[in-house]
Amino acid sequence: MEPHARKLLTIVTEAALEGKILRDLEQLGTRGHTITDARGKGRRGVRDAGWEASANIRVEVVCDAGTAQAVSAYLREHYYRDYAMTVWVIDVEVLRPEKF
Amino acid sequence: MEPHARKLLTIVTEAALEGKILRDLEQLGTRGHTITDARGKGRRGVRDAGWEASANIRVEVVCDAGTAQAVSAYLREHYYRDYAMTVWVIDVEVLRPEKF
Amino acid sequence: MEPHARKLLTIVTEAALEGKILRDLEQLGTRGHTITDARGKGRRGVRDAGWEASANIRVEVVCDAGTAQAVSAYLREHYYRDYAMTVWVIDVEVLRPEKF
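Residues numbered from 1 in each chain as written. Chains lettered and ligands numbered in written order. Predicted model: local features only at pLDDT ≥ 70, side-chain atom pairs only at ≥ 80, totals over all residues. Heavy atoms only, no water.

> I keep staring at the interface of chain C and chain A and nothing clicks. Help me out?
Interface size is commonly expressed as the accessible area that is lost once the parts come together. Taken together, the contact between chain C and chain A spans 25 residues of the former and 19 residues of the latter. Note on chain C versus chain A: buried area summed over both sides is about 1900 Å², and carbon and sulfur give 51% of it. Three residues stand out in chain C for area buried against chain A, namely C:Leu95, C:Arg96 and C:Lys99, and they jointly supply 28% of the buried area on that side. Between chain C and chain A we count 4 salt bridges in total. Ionic pairing is found between C:Glu18 and A:Arg39, a salt bridge with its closest N-O pair at 2.5 Å. Those elements that place two or more of their residues in the side of chain C that touches chain A are helix H1 (18-27), strand E2 (33-42), strand E4 (56-63) and strand E5 (85-94) of chain C. (Contact = heavy atoms within 4.5 Å. Buried area = accessible area lost by both parts, 1.4 Å probe. Salt bridge = Lys/Arg side-chain N within 4 Å of Asp/Glu carboxyl O. Helix = DSSP H or I, 4+ residues; strand = E, 2+ residues; numbered from the N terminus.)

> For this particular structure, what's the right way to read the relation of the copies chain B and chain A?
The second copy of the chain is related to the first by a rotation about an axis and a shift along the axis. Once chain B is rotated about the relating axis by 120° and shifted along it by 0.0 Å, it coincides with chain A to within an RMSD of 0.0 Å. Viewed as a symmetry operation, the transformation between the two copies matches a three-fold axis. (Least-squares fit on C-alpha atoms with pLDDT ≥ 70 in both.)

> It is not clear to me how the nonpolar core should be interpreted in this structure. Could you clarify?
The biggest cluster of nonpolar side chains holds 24 residues, and the ones touching the most others in it are A:Ile90, B:Ile90 and C:Ile90. Put simply, the parts of the chain that give this core at least two residues each are strand E1 (4-14) and strand E5 (85-94) of chain A, strand E1 (4-14) and strand E5 (85-94) of chain B together with strand E1 (4-14) and E5 of chain C. With residues up to four places along the chain from it excluded, the contact list for B:Ile90 reads A:Leu8, A:Ile90, A:Asp91, A:Val92, B:Arg6, B:Lys7, B:Leu8 and C:Ile90. (Core = buried A, V, L, I, M, F, W, Y, C linked by side-chain atoms within 4.5 Å. Buried < 20%, exposed > 50% of the residue type's maximum accessible area, 1.4 Å probe, protein only.)

> Explanation requested: the relation of the copies chain C and chain A in the structure shown.
With an RMSD of 0.0 Å, the operation that places chain C on chain A is a rotation of 120° combined with a shift of 0.0 Å along the axis. Of all interface residues in chain C, a mere 16% are interface residues in chain A too; the two copies therefore contact each other through different surfaces.

> Before we go on, may I ask you to explain the side chain of A:Thr67 in this structure?
Residues and elements named next belong to chain A. You can see Thr67 is positioned in helix H2 (residues 65-79). Accessibility expressed as a relative area gives 15% for Thr67, which makes it buried. In contact with Thr67, not counting residues within four places along its chain, are Leu28 and Thr30.

> I keep staring at H1(C) and nothing clicks. Help me out?
It helps to recall that an α-helix has 3.6 residues per turn; residues three or four apart then point in one direction. If you check which residues of H1(C) are buried, you get C:Glu18, C:Ile21, C:Leu22, C:Asp24 and C:Leu25. The buried side chains of H1(C) occupy one side of the element, clustering within an arc of 160° when seen end-on. The exposed set on the far side of H1(C), more than 90 degrees from its buried face, consists of C:Arg23, C:Glu26 and C:Gln27. In the core, the buried residues of H1(C) are packed alongside strand E2 (33-42) of chain A together with E1, E2, E4, helix H2 (65-79) and E5 of chain C. Immediately beyond the C-terminal end of H1(C), within one or two residues, lies C:Gly29, with a positive phi of roughly 95°. (Arc of directions from axis to C-beta.)

> Which parts of the structure should I look at to understand the pattern of salt bridges?
If the charged atoms of two oppositely charged side chains come close together, the side chains can form a pair. Under the definition given, this model contains 21 salt bridges over all chains. Its salt-bridge partner being A:Lys7, residue A:Asp91 comes within 2.5 Å of it at the nearest N-O pair. With a gap of 84 residues between them, A:Asp91 in strand E5 and A:Lys7 in strand E1 connect regions that are remote in the sequence. Taking relative accessible area as the criterion, A:Asp91 reaches 53% and is therefore assigned exposed. What you see here is one network of salt bridges that share partners, running through A:Arg58, A:Glu60, B:Arg58, B:Glu60, C:Arg58 and C:Glu60.

> When you look at the interface of chain B and chain A in this model, what are you seeing that I'm missing?
Counting from both sides, the interface comprises 19 residues of chain B and, opposite them, 25 residues of chain A. Surface buried jointly by chain B and chain A totals about 1900 Å² across both partners, of which 50% is contributed by carbon and sulfur atoms. There are 8 residue pairs in polar contact (both at pLDDT 80 or more) connecting chain B and chain A. If you list the elements that add at least two residues to the side of chain B that touches chain A, you get strand E2 (33-42), helix H2 (65-79) and E5 of chain B. Broken down by element, the side of chain B that touches chain A gets its largest block of residues, 7 residues, from E2(B). Within the side of chain B that touches chain A, the residues separate by chemical class into 8 nonpolar, 5 polar and 6 charged. Alignment of E2(A) against E2(B), held across 3 bridges, turns out to be antiparallel. Counterpart to A:His33 in the pairing with E2(B) is B:Lys41. (Polar contact = N/O pair within 3.5 Å; in protein donor to acceptor, adjacent residues only side chain to side chain. Nonpolar A, V, L, I, M, F, W, Y, C, P; charged D, E, K, R; others polar. Pairing = 2+ DSSP bridges.)

Below is the structure:
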């Protein structure tokens, strides 16, 4: 079985946005996601996972290039101005392309 | 010291498989792994880390290309049909190639 | 908005080093980081996140290639001999290059 090229999109943002982001992802056509709790520091200062109010989440989505681009554009348009959010995209290989 | 090319293999699967997967990895020749607890949604529905029974784990292994291929093939053959499992492979650079 | 190439540097190391590593990163010019708690096994044996003393952390930093190289070199020089530490670097794309 040959590996197939896909994109891994990682979103690091405020934990309070989790439900909203997951609904966005579903509407934008992604097929699955992985969430891990995180803490961090960015342009909006130190965020400590021990404080629920300022906890961060790290959402990973494997998808095709077009979906990665659409999700990136959507997030930029709807969240970048008002929320702490960092997004990066990586080339990955997967064995079951029909899954993503 | 020059960077060396290796593969980062990420496995997202059911937390109950942790011990089994780690034994597989060791037998397949990997030298180390990193595990983070996760929750997510895939083809088998929403998994919430708050519910131990359906918690997910995210296992990362840095290894050479041959090992990444062998591990991918093994996981596909032994787990894909019966368990929720997503695997992706990324090109990475490391400074200490002898470690992986 | 065009995507821009950056590096994603991931450091997996002993949780006790968190404060020290974050100060290092700041002094080396990084603009932000994401931390997740982890457990794992490497050359120094099994580390279980349930045991605070041996917990691991996974620190991610998105930065330019020069900073990634400087951080890698610094970590190698200051920590590799005495601590459990694994570092890898991945090519990523970001939409807001001024942020990293």
